[in-house]
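Each chain, letter by letter, is given below.
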Amino acid sequence: MIAMPSLTTKTTCPYCGVGCGVLATVQPDGSVQIQGDPEHPANYGRLCSKGSALGDTVGLEGRLLHPEMGGRQVGWDEALDTIATRFQQTIVEHGPDSVAFYVSGQLLTEDYYVANKLMKGFIGSGNIDTNSRLCMSSSVAGHKRAFGEDIVPGCYEDLELADLLVLVGSNTAWCHPVLYRRIAKAKEDRPGMKIVVIDPRRTAACELADLHLPLKPGTDVALFNGLMHYLRRHDGLDFAFLEQHVSGFAETLAAAANSSPSIPAVALACGLEEKDVAKFFQMFHGTPKTVTAWSQGVNQSSSGTDKVNAIINVHLATGRVGKPGMGPFSLTGQPNAMGGREVGGLANQLAAHMDFGNAGHQKIVSEFWNAPNLATRPGLKAVDLFQTIGEGRIKAVWIMATNPVVSLPDANAVRRALASCEFVVVSDCEDATDLASYAHVRLPALAWGEKDGTVTNSERCISRQRPFLPVPGEAKPDWWMVCEVGKRMGYADAFDYKNAAAIFREHAGLSAYHNEGQRLFDIGALAEMDTDTYDELNPTQWPLVKDGKHGTSRLFSDGGFRHHDGKARMIALSPKPPKESVDEDYPFVLNTGRIRDQWHTMTRTGRSPRLNRHIPEPYAEIHPDDAKRQGLEPNTLVSLESRWGKALARVKISADQQLGSVFMPMHWSSQNAQQALVNALVNPAVDTISGEPESKHTPVRLQTYHPAWHGFLISRHPLEVEGMEWRVVVRGENHWVYELAGVTTPDNWREWAASIIASAGVGREGEPEWLEYADSSQNRYRCAQLVEGRLAACLFVNRNHELPARDWLTQLFAEPRLDAKARMSLLAGRPSTAGDDQGRTVCACFGVGYNTIARAIRQQACTTTAQIGDRLKAGSNCGSCIPEIKAMLNEAKLEEIRS
Ligand code: SF4
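Below: a short report on this structure. (Residues numbered from 1 in each chain as written. Predicted model: local features only at pLDDT ≥ 70, side-chain atom pairs only at ≥ 80, totals over all residues. Heavy atoms only, no water.)

## Some words on the layout of surface pockets
Consideration 1: What the second largest pocket holds in volume is close to 890 Å³.
Consideration 2: In terms of lining, the second largest pocket is formed by 30 residues, of which the most central are Ala432, Gln671, Asn672, Val729 and Trp736.
Consideration 3: Elements represented by at least two residues in the lining of the second largest pocket include exactly strand 28 (726–731) and strand 29 (736–742).
Consideration 4: The greatest single-element share of the lining of the second largest pocket, amounting to four residues, is contributed by strand 28.
Consideration 5: Grouping the amino acids of the lining of the second largest pocket by side-chain chemistry returns twelve nonpolar, ten polar and eight charged. (1 Å grid on protein atoms, 1.4 Å probe; cavity = no way out; pocket = protein on both sides within 12 Å on 5 of 7 lines; lining within 4 Å. Points joined across faces, edges and corners; volume = space filled by probe spheres on them. Helix = DSSP H or I, 4+ residues; strand = E, 2+ residues; numbered from the N terminus. Nonpolar A, V, L, I, M, F, W, Y, C, P; charged D, E, K, R; others polar.)

So this is what it looks like as structure tokens:
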């Protein structure tokens, strides 16, 4: 137990599904110190770069703090009355299915619970869906098909105990970093542990891989069917387990034999080397303690549910489920995607793991809620929901804690749909978002640090998010807003909660109501806890059955599946190609995903200077041979076009990318980048079972993009820089960087820069002084504005993308005065000594740059990550950057061999 100052609050990280415990300590100056909670079972004190930087994101700048209607600040009563009236009028005129809620895995379980209760229980429509649809609904559907209930059978410890860990479609190193470090530690302690990474890309997760299978996008079912057939032919199936606990295996084995009859056939279908396929099959066959973990690379597919079942099939066939170090394991993307699943936040679920298709479940929920108007059929899933808004059949929508105009596929169609919608309510803690302009009513929500409730992580562990900051302005909890609207719609008794604890108690009560062991999601043991006990609640895994066994880490170890016959089902599968194929017009496959240091649409992580330094600009990563054929040079701009839209991105060339594929991150919105909205490109094809979009496979074409000029502007103050073809805003410690490119060239650069800078008030502190350098023959221009000797802004322009390093230049903004040497080197665009240019940040925790690490490798003969950690501290805190440092060390070794 570590000693904690009195102001330390135990809470939970609001980012990924690992669900790490956080100790937040408000300092006397109002800043917040963040540490990992050593007692939390998800992270035991560790945090990744995003979690460590949470303290940078809690300020009030950019917060929505008052209700607004039509851009006008209004009181809560006016806003809530308007919402209740408009929703009621719409329902009266057009029926309950003419309204919808679109919610989020960022909501707490208590918020989610009341939103679902209002829509499904009292409005009487199934039209509530969540952005979790976009990341893990295929896993939900796969679990239900296989197990009869949406259950993750194992726990994080299994990933450490496994002798073989198979990571499928999961860049765990960047997307679930703390869990990845736990895996790395397990492998370090037990070097015999093997790791196989199955992913079209060579990602940072391959740092630990004994084998990487860069399969062709969308061929996972062929691979796992092949594994199934191989296991059968090599006596690798557990027939005793199959006979006793599984149905459907004969058909499944036949389908596997049919689709994937041999290793050569699998290798051909998946675009893999036969020897690698054979090696993987042998490893799986020979290693009883195997965990297969997956995330969005499996889920985000038009056959995502089949892919999930293909993985679960082989675990059922080998009896490797729910035992220490064995099992299929879905890694959820969001902090409370699991909580959303528990309360029925998906349009095709009732609450508490109950189903629309089950009359008994309908009766239980209706009776428990005293809701005679309970919806009797599923509502619309996310993509269909917004298409129906566009068709004018949904006329009122309330969007909570998410940004669908950035995150949904065919994002421009979503924008058009919302622009045409009669009534849009947005509740959010952020003021400036791409969604804000579509809202008729905006409601200020609490942010992390102010919220009070619970979240559930990927291993079924319920943790508290506790407030440690005062409520700002008129912001309110999401649950409160929903309840107030519910009361105003005439359901006062059903939405009369004193606090989040009261909602949680009801949620727990419903999970146990007439359950009698039918549903594993049972947290009835928590249904009667008082508010103090709720406040003190320690992280706890469900099931938590009243008077029963608590906190069960593993389920199904000896069967007990939730289909009526008590058996699991294997699903006979045939591989299906992605919905949209590449062709001559659109010859590349666009794959989208996350980067290490940003979260979703960057509304929070984008506030942290240290996180922005890792990858400051949206990029498109492409294989060197494709780049050559397309005439693409590193760091130039590329135009990407699909049948749905266009985007621009910075070119990154890497052999980690498969030929014919291009990867783009999903984080940038119009708030921080011009024309880099990747979801404008993404096709809206979905998995017909889960409704999850195929965000990993959109045919696109690529073209070099040649603006008239490239440049960047760095300013001590935020600026309005409009009218560019390329504009990316990167927030720094004491400055903002604007990466720019344009097709029209201003007549006078200095006047152009001065007008932009003046509009932001820069220079008002004193008489500005200008430094200037121009080389018109090269179209090269540089200027800097100083105020009382201190750098206020600088502009660098070139006809091509070759421009000075920004990292070094931004350091000049920390100087109180620029001396003559600094002024000269500023205009020269390079530091006076090479050591001053650290290069782009690799280690976000200690701000250690690429060049610094490269110099340590070259000049100080560092050959291990431990040595780099000792000399520079890089990689010695959260460890998120270790894969990149290892890659640099490997590259240096290769260079040495080559020379
Ligand atoms: Fe947060 Fe990182 Fe832990 Fe995920 S791994 S919960 S982002 S600290």
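## So, helix 25 (residues 749–759)
What sets the pattern is the α-helix's 3.6 residues per turn: residues three or four places apart point alike.
Consideration 1: Of the positions making up helix 25, those classed as buried are Trp749, Trp752, Ala753, Ile756 and Ile757. Buried residues of helix 25, seen end-on, are gathered within an arc of 125 degrees and therefore sit on one face of the element. With respect to the buried face of helix 25, the exposed residues turned more than 90 degrees away are Glu751 and Ser759.
Consideration 2: Contact partners of the buried residues in helix 25: strand 27 (709–715), strand 29, strand 30 (768–775), strand 31 (780–787) and strand 32 (790–798). (Buried < 20%, exposed > 50% of the residue type's maximum accessible area, 1.4 Å probe, protein only. Arc of directions from axis to C-beta. Contact = heavy atoms within 4.5 Å.)

## Focus on the state of the cysteines
Consideration 1: Across all of its chains, the model carries zero disulfides by this definition.
Consideration 2: Of all cysteine sulfurs, the one in Cys429 lies closest to Cys483, which takes part in no disulfide; the gap is 19 Å.
Consideration 3: Residue class for Cys483 comes out buried when judged on its relative accessible area of 2%.
Consideration 4: With no disulfide of its own, Cys843 has Cys881 as its nearest cysteine by sulfur position, at a separation of 4.2 Å.
Consideration 5: Look at Cys843 and you get buried, because its relative accessible area is 2%. (Disulfide = S-S within 2.5 Å.)

## Structural notes on the site of the ligand
Consideration 1: All residues in the neighbourhood of the ligand are listed as Cys13, Tyr15, Cys16, Gly19, Cys20, Leu47, Cys48, Lys50, Gly51, Pro177 and Val178.
Consideration 2: Those elements that place two or more of their residues in the shell around the ligand are helix 1 (49–52) and helix 7 (177–189).
Consideration 3: Along the lines of polarity and charge, the residues of the shell around the ligand split into eight nonpolar, two polar and one charged. (Near = heavy atom within 4 Å.)

## A closer look at the nonpolar core
Consideration 1: Formed by 125 residues in total, the largest nonpolar core has its most connected members in Phe101, Leu223, Phe280 and Trp398.
Consideration 2: Sequence-distant contacts of Leu223, that is, excluding residues within four places in its chain, are made with Ile198, Leu213, Leu215, Val266, Cys270, Leu272, Phe280 and Phe281.
Consideration 3: Of all hydrophobic cores here, the second largest spans 78 residues; its members include Leu648, Trp668, Val737 and Leu786. (Core = buried A, V, L, I, M, F, W, Y, C linked by side-chain atoms within 4.5 Å.)

## Looking at the sheet that holds strand 4 (residues 68–69)
Consideration 1: With respect to topology, seven strands assemble into an open sheet ordered 5-4-16-15-14-6-7, the strand pairing being mixed. Every other strand in the sheet has two partners, leaving strand 5 (72–73) and strand 7 (128–130) as the edge strands with one partner each.
Consideration 2: Both strand 6 (residues 99–103) and strand 14 (residues 396–400) contribute to a ladder of four bridges, which runs parallel. Its bridge partner lying in strand 14, Phe101 is registered against Trp398.
Consideration 3: Contacts from helix 17 (residues 382–390) reach strand 6, strand 7 and strand 14, with the element oriented near 135 degrees to strand 6. (Pairing = 2+ DSSP bridges. Axes fitted to C-alpha atoms, helices over the stretch in contact; angles between N-to-C directions.)

## Some thoughts on the pattern of salt bridges
Consideration 1: All told, the structure shown has 48 salt bridges when counted by the stated rule.
Consideration 2: A salt bridge links Asp163 to Arg190; the shortest N-O distance between them is 2.9 Å. A residue pair is termed long-range when its members are at least 10 positions apart, and Asp163 in the loop between helix 5 (156–161) and strand 8 (164–168) and Arg190 in the loop between helix 7 and strand 9 (194–198) qualify at 27 residues.
Consideration 3: Owing to a relative accessible area of 31%, Asp163 belongs among the partly exposed residues under this scheme.
Consideration 4: Taking the relative accessible area as the measure of exposure, Arg190 reaches 29% and is therefore partly exposed.
Consideration 5: Across the salt bridge formed by Asp452 and Arg464, the nearest N and O atoms sit 2.9 Å from each other. Here Asp452, found in the loop between strand 16 (441–444) and strand 17 (453–456), pairs with Arg464, found in strand 18 (residues 461–465); they are twelve residues apart in sequence, far enough to count as distant. (Salt bridge = Lys/Arg side-chain N within 4 Å of Asp/Glu carboxyl O.)

## Re the sheet that holds strand 2 (residues 21–26)
Consideration 1: Within the open sheet, the three strands sit side by side as 1-2-3. Their pairing is antiparallel. Of all strands in the sheet, those with a lone pairing partner are strand 1 (8–12) and strand 3 (32–36), marking the two edges. Strand-to-strand, the axes of this sheet are offset by a mean angle of 30 degrees, without reference to chain direction.
Consideration 2: Bridge analysis of strand 2 against strand 3 gives five bridges, and the strand direction is antiparallel. By the bridge assignment, Val26 is partnered in strand 3 with Val32.

## Things to note about the pairing of strand 31
Consideration 1: Burial analysis of strand 31 places seven of its eight residues in the buried class, the great majority of the element.
Consideration 2: Count of turn residues in the strand 30/strand 31 antiparallel hairpin: four residues, of which Asn779 carries a positive phi of about 55 degrees.
Consideration 3: Of the strand pairs in this sheet, strand 31 and strand 32 are connected by seven bridges, and their pairing is antiparallel. Within strand 32, the position partnered with Gln785 by the bridge is Ala793.

## Regarding helix 17
Consideration 1: Along helix 17, the positions that sit buried rather than exposed are Ala382, Val383, Leu385, Phe386, Thr388 and Ile389.
Consideration 2: Turning to helix 17, the residues buried within the fold contact strand 6, strand 7, helix 4 (133–147), strand 14, helix 18 (404–407) and helix 19 (411–420).
Consideration 3: Just downstream of helix 17 lies Gly392, where phi reads positive at about 85 degrees.

## Brief notes about the packing of aromatic side chains
Consideration 1: All told, the structure shown has 28 aromatic pairs when counted by the stated rule.
Consideration 2: Note on Phe280 and Phe284: the rings are 6.3 Å apart at their centroids and 80 degrees apart in plane angle, and the pair reads as edge-to-face. Here the residue Phe280 and the residue Phe284 both occupy positions in helix 12 (residues 274–286), the gap between them amounting to four residues, near one helical turn. Neither Phe280 nor Phe284 differs from the other in exposure class; each is buried.
Consideration 3: When the ring of Trp709 is compared with that of Trp749, the centres are 4.8 Å apart and the planes differ by 80 degrees; the resulting orientation is edge-to-face. Taken together, the residues Trp709 in strand 27 and Trp749 in helix 25 connect sequence positions 40 residues apart.
Consideration 4: A connected cluster of aromatic rings, assembled from ring pairs, spans Phe224, Tyr230, Phe280, Phe281 and Phe284.
Consideration 5: For the cation-ring pair, Arg460 lies above Trp542, with the distance from its terminal atom to the ring centre recorded as 5.7 Å. (Phe/Tyr/Trp six-rings, centres within 6.5 Å; stacked < 30°, edge-to-face > 60°. Lys NZ or Arg CZ within 6 Å of the ring centre and 35° of its normal.)

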